[in-house]
Structures are given as C-alpha cells and as structure tokens.
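# An overview of the molecular structure
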Amino acid sequence: MNKQADLKKSSQAEKIYLFDSTLRDGEQTPGARLNYEEKVEIARQLARLNVDIIEAGFPVSSPGELKAVQEISRQIKGPVICGLARAVKEDIDAAWEAIKDAESPRLHVFLGASAIHMQHKFNKEPAQILEQAVDAVKYASRFTSNIEYSPEDASRADEEYLYQMIEAVIEAGATVINIPDTVGYAVPEEFGGLIRRIRENVGNIDRAMISVHCHNDLGLAVANSLAAIKNGARQVECNINGIGERAGNASLEEIAVALRIRQNHFPYYTDLNFSEVYRTSRLVSKMTNISIPVNKAVVGLNAFSHSSGIHQDGVLKNKETYEIIDAELIGGSAAKMLLTARSGRHAVLDQLNKLGFSLTREQLDVIYEHFVSLADKKKEIYPEDLEALVLDHISAAEPRYRLDYLQTVSGSKSVPAAVIRLMKEDGNTIEEVAVGAGPIDAAYNAINKITGLSVGLEKYKINAVTQGRDALGEVQVNLSYQDRTITGRGTSTDIIEASVKAYLNGLNKLLKINGYG
Ligand code: KIV
Ligand code: ZN
C-alpha cells in the first residue's frame, strides 16, 4: 500500500504542494485564539511535518499577530512562510514586515471577486476591483516575486470575470493563483470543472501554479480539493484537524492520506513526513482547545478501532480485512481494539497479551466470564478495565506494601522532607527519610528508597470528592515502570496521605502484574 517513494521516482508523478493555514484560517475558528508561544510551537511542529508552506497569520490584524508571524519567520527553517494581506498597501506593508526575515517568504494578497462581495462589502464596480487587485500585486512585487493572489469567493464569481482577473494579476506578478471556495458552496464535479476551465481559458495560466482553498460548510472540502487536484491544481490549502472558520477548512491529514492510500487513482505525491501526522494533530487540538471528534477520519480515536466481534477477529487474522490505513503510517499507535459485549475470546486474549499477562486456559476462562458480565453493563471495556479484572479475579495476593506511618515537613523556609514507614506482607516494617521538591515528592522519593524501584510519575491529578474545607481529596496517579503504565488511586481528607495512598495503590498493582508478567 505504501509505495510513496516508488511513485516519487516515477516520471508521471507530480508533486502536490501542501499549504498549511492552521495558524491563519485555522486560528479563525471561534474560541481558538493562540498566543505567541503557541503559534511558534505549532509552526515548529508543522516544519517537522514537512508541509511546504506555512501561512503564519494575518499580520495587520494586531501588533501581537505581527510579532508572532515575525518570530515564526525568524525561527522556522524549511517551509515557505506566508503572510496574508488584503489588497491594500497598509496590509501588504505589515505582512512584508512580518515575513521579510524568513528563509523563503511569500505574500498572499486577497480581494473579493463575486458580485455579492463586490457590491455588499466594497460597494465597487468589477472594473474598480480588478484595478485594485492589479495595483496590490504590483505593490507586493516591490518586496518579493513569491506572490499568491486569491480572488475571494471565486466559486460564486462570474467565470468570465474570474478569468480576466486571474490573467491580469499574473501579468502584474502573481505566481500562485488560489481559487477559494470561501463559503463551502461548491460540489466536487463543479469545482473540478472550474479548475479545468481556468486552465483552458486563462491565456497566461502556465506562468502560475493553481491552488485551491476549500471550506467545509457542506462537508465537501476534502472532496472538492481532490477534484481540483485531478483537474490541475498543484497546491492545496488545508488545516490540521480541518479546523477553520465556521465548519472549518479541508483537513490536511485527510487530503495527504487519501492521496497516498489511493495512489492508483491519484498519480501524485506530497513531501509530507507522515509519521508526524498524529503528533501534530494532538498538539493542535491541545493548543487550540478544539477536541478531535472520535470518528474523525485519519486522526480520530476510533479511526483504527474495531468494535464488532467479526471485525476484530478478521483484523487479528489479517489487518487488511477491515483496515486500509496502517496506524503506523501516521505515527499513531498500533490498531486499537475496543472490547465490547460483542468481542470474542480471541480479542480478549490478544488484549491481555498486549498488557503483558500470560494466563493459563483456566484463568482465561475466569476472566472471559467476568469480562462478558462487565461488558453487559459497560459499553466499552478499556485496557485498564481488563487489567482490573485480572487483578481482582486472578491474584489473591495481598498488597505488597501498606502505609504504616507518614510524617512530612514543609514550609516557606524549610527543605520539604518525608518520613515513611511501610509494612510488608510478612509484617516487617521498613522506614526511610527523603527530601524532595515538595512534601509529596519527598514522600514518593522515600517510598522509592524502600522498594528499591525507580517508578516514574507520569501524571498526578487531585479532585475534591466532597464539599467544604474538610473535603475528601481523591488523588489519581499514572505510574510507569519499565514499559508499563498503571493508574493508582487514594482518598483521604489529608491530601498528602491521599497522594501516598494513590502511589502505593499503583505500586502494588505494578508489583502484582509483574508477578504474572
Ligand atoms: O476563505 C477564503 O476565501 C480565505 C481567503 C483569504 C483565501 O480564507
Ligand atoms: Zn478561508
């Protein structure tokens, strides 16, 4: 399936340039405001992903935006860095100021081209708009020869007028002509046809690259972009996770993966570093606070999950029975089985093996019986649930360590320290003292000294489970040891005690599991 490298070498394959607008149109998603550091961090990740162009922002919109684009231009090497500007001098000056230090800067100038935009936004005649576009491109070409021009709302514009506009801006110096479906109105056949007719009717179109920019109002942004590629577009503008104004923009990962998986239909390649797709998607989701729908193509949590027993059995026998994309391609973890009441023994055994358990046949029978009754109550059974079933029903062992005594010292002028005494299964006690960054850290260090294990603390979370000043605190920790992670929980009205109990709970589980491992 993954013959990208072969295709690249083949003489018929043409490159598709990926223009990422996550930091510009993506940031226009309601509520997705990114601060300066976040923008730079996402840009750095986009460079690792190896997109061809990063549209870093709309510099005239605020001094902070200008500074962020400027910083990205100075720090990020590899992709072209693009700044957006309306077709007016003030915008072009600001955009150039922001991108002029980039290794490879591009100015992106846009102006409404449909009758509805020209009349209602600008109250201008088509001839005046055409003149303004040409003047703006000429002005931009004083700074750089890398100029992209977008006739905004092109998919609703008069086609003859669009051809004239494109020809004139190419003459004025534009090297990329971007055709936006600004309101997501187009459908694939029609949009592909528009791109083909632009190639056929614009005399000087061979002096520019055709790009497309599709919005997702009818859920067709990716389909429209692919139709445009088939008809001659060689740059696609798209965003990570498909975020963007209103219903979003075409999703970068969906376009790139579709081109790659369906090479038999699309004889093109991209230079994307596919193994960074999953990481980039998670980073953008975290920074923008926009969660990824579980059923989102390519990067959704369920994109590689199989729920029905028939599918799970098929995938375990041969992945290709129900999977067309290998999760490894995008740097995601291996295909995930969601165990449900419909899952058979084969899937449960496979998950247990992945968790590091090797059970006897009798033990598997016991666990499977408990699994079926749990799955009847709970829709989905996660690896942690299965782990808990094994711990509850297979292991009769007592916890290896219990808390016998705890004392901590902390204060603004003292070094945080803890004294911990643990009781082992045989009744013997061991005491240790340790210091740390705070009393909880000191207590955890003392426990590690007693057990001799260097357990990593991956996550620490505290919640009040009751109301008021004497609230019961519940601590949840994720501990890692060798290649396993496990959750521990503890409650107490004393948050340090709750923290120690959670740590010991996780530690005892790890020790029990290792006994089976
Ligand atoms: O949707 C649109 O038309 C745009 C332009 C600025 C390209 O975002
Ligand atoms: Zn847009």
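The structure presented is a predicted model; accordingly, all values stated were derived computationally and were not measured.

Another aspect to go through is the site of ligand 1. Every residue near ligand 1 is listed here: Arg24, Asp25, His108, Phe110, Ser150, Glu152, Asn178, Pro180, Thr182, His213 and His215. Thr182 has a polar side-chain atom sitting 2.7 Å from an oxygen atom of ligand 1. Between His215 and ligand 1, the recorded distance is 3.0 Å, taken from a side-chain N or O atom to an oxygen atom. The fraction of the free accessible surface of ligand 1 (260 Å²) that becomes covered by protein chains is 95%. Of all the secondary structure elements, the ones that give two or more residues to the shell around ligand 1 are β5 (105-112), β6 (147-152) and β7 (176-181).

This brings us to the sheet that holds strand β8 (residues 209-214). Strands sit in the order β2-β3-β4-β5-β6-β7-β8-β9 around a closed barrel of eight strands; the barrel is parallel. Neighbouring strand axes in the sheet, compared pairwise and without regard to direction, differ in orientation by 25° on average. The pairing of strand β3 (residues 53-57) with strand β4 (residues 80-86) spans four bridges and is classified as parallel. Following the sheet pairing, Ile53 is matched in β4 by Val80. Taken strand by strand, helix α3 (residues 63-75) contacts β3 and β4, and its axis lies near 150° from that of β3.

A pair can form between side chains of opposite charge whenever their charged atoms are brought close. Scanning the model with the defined rule gives 29 salt bridges in all. The closest approach of N and O atoms between Arg86 and Asp91, which form a salt bridge, is 2.8 Å. Overall, Asp91 belongs to the buried group, its relative accessible area being 0%. Note that Glu159 is salt-bridged to Arg197, the shortest N-O span being 2.8 Å.

Moving on, we get to the coordination of the zinc ion (ligand 2). Donor atoms from the polypeptide that coordinate the zinc ion (ligand 2) comprise Asp25 (OD), His213 (NE2) and His215 (NE2), at 2.0 to 2.1 Å from the metal. Mapped onto the sequence, the residues coordinating the zinc ion (ligand 2) show the spacing D-x187-H-x1-H. Comparing His213 with His215 shows no difference in burial state: the two are buried.

A large share of β4 lies buried, amounting to six of its seven residues. The β-α-β motif built from β3, the intervening α3 and the parallel element β4 has right-handed crossover chirality. Across six bridges, the pairing between β4 and β5 is parallel. Note that in β5 the partner of Ile81 across the bridge is Pro105. Taken together, β4, helix α4 (residues 89-99) and β5 constitute a β-α-β crossover, and its handedness is right-handed.

Turning our attention to the nonpolar core. One finds Tyr149, Ile179 and Ile198 to be the most contacted residues of the largest nonpolar core, which totals 100 residues. Here this core gets nine residues from one element, more than from any other, and that element is helix α7 (residues 159-172). Residues lining this core come from more than one domain, with at least three contributed by each of domain 1 (3-288) and domain 2 (305-393). Ignoring any residue separated from it by four or fewer positions in sequence, one finds Ile179 in contact with Pro151, Ala154, Ile166, Phe191, Leu194, Ile195, Ile198, Ile210, Ser211, Val212 and His213. Of all hydrophobic cores here, the second largest spans 26 residues; its members include Tyr444, Val475, Ile486 and Ala498.

Moving on: the domain arrangement of the chain. Size of an interface: often given as the accessible area lost when the parts come together. Each assigned domain of the chain is listed with its residue range as follows: domain 1 (3-288), domain 2 (305-393) and domain 3 (401-513). Taking only C-alpha atoms into account, the centre of domain 1 sits 52 Å from that of domain 3.

Let us now look at the sheet that holds strand β16 (residues 456-464). A sheet is described by the order of its strands in space; here three strands give the open sequence β16-β17-β18, paired in antiparallel fashion. Strand pairing shows two members of the sheet lacking a second neighbour, β16 and β18 (484-492), which therefore form its edges. Neighbour to neighbour, the strand axes of the sheet diverge by 15° on average, direction disregarded. Relative to β18, strand β17 (residues 473-481) runs antiparallel, the two being bridged by nine bridges. The partner of Gly473 across the bridge, within β18, is Ser492.

Here is what the cut-offs are and how they apply
- Residues numbered from 1 in each chain as written.
- Chains lettered and ligands numbered in written order.
- Predicted model: local features only at pLDDT ≥ 70, side-chain atom pairs only at ≥ 80, totals over all residues.
- Heavy atoms only, no water.
- Near = heavy atom within 4 Å.
- Polar contact = N/O pair within 3.5 Å; in protein donor to acceptor, adjacent residues only side chain to side chain.
- Areas by Shrake-Rupley, 256 points an atom, 1.4 Å probe, with all protein chains shown as cover.
- Helix = DSSP H or I, 4+ residues; strand = E, 2+ residues; numbered from the N terminus.
- Pairing = 2+ DSSP bridges.
- Axes fitted to C-alpha atoms, helices over the stretch in contact; angles between N-to-C directions.
- Contact = heavy atoms within 4.5 Å.
- Salt bridge = Lys/Arg side-chain N within 4 Å of Asp/Glu carboxyl O.
- Buried < 20%, exposed > 50% of the residue type's maximum accessible area, 1.4 Å probe, protein only.
- Donors = N, O, S within 2.8 Å, 3.2 Å for Na, K, Ca; no water.
- Right-handed = clockwise from strand over helix to strand, strands pointing away.
- Core = buried A, V, L, I, M, F, W, Y, C linked by side-chain atoms within 4.5 Å.
- Domains from an automatic or database assignment.

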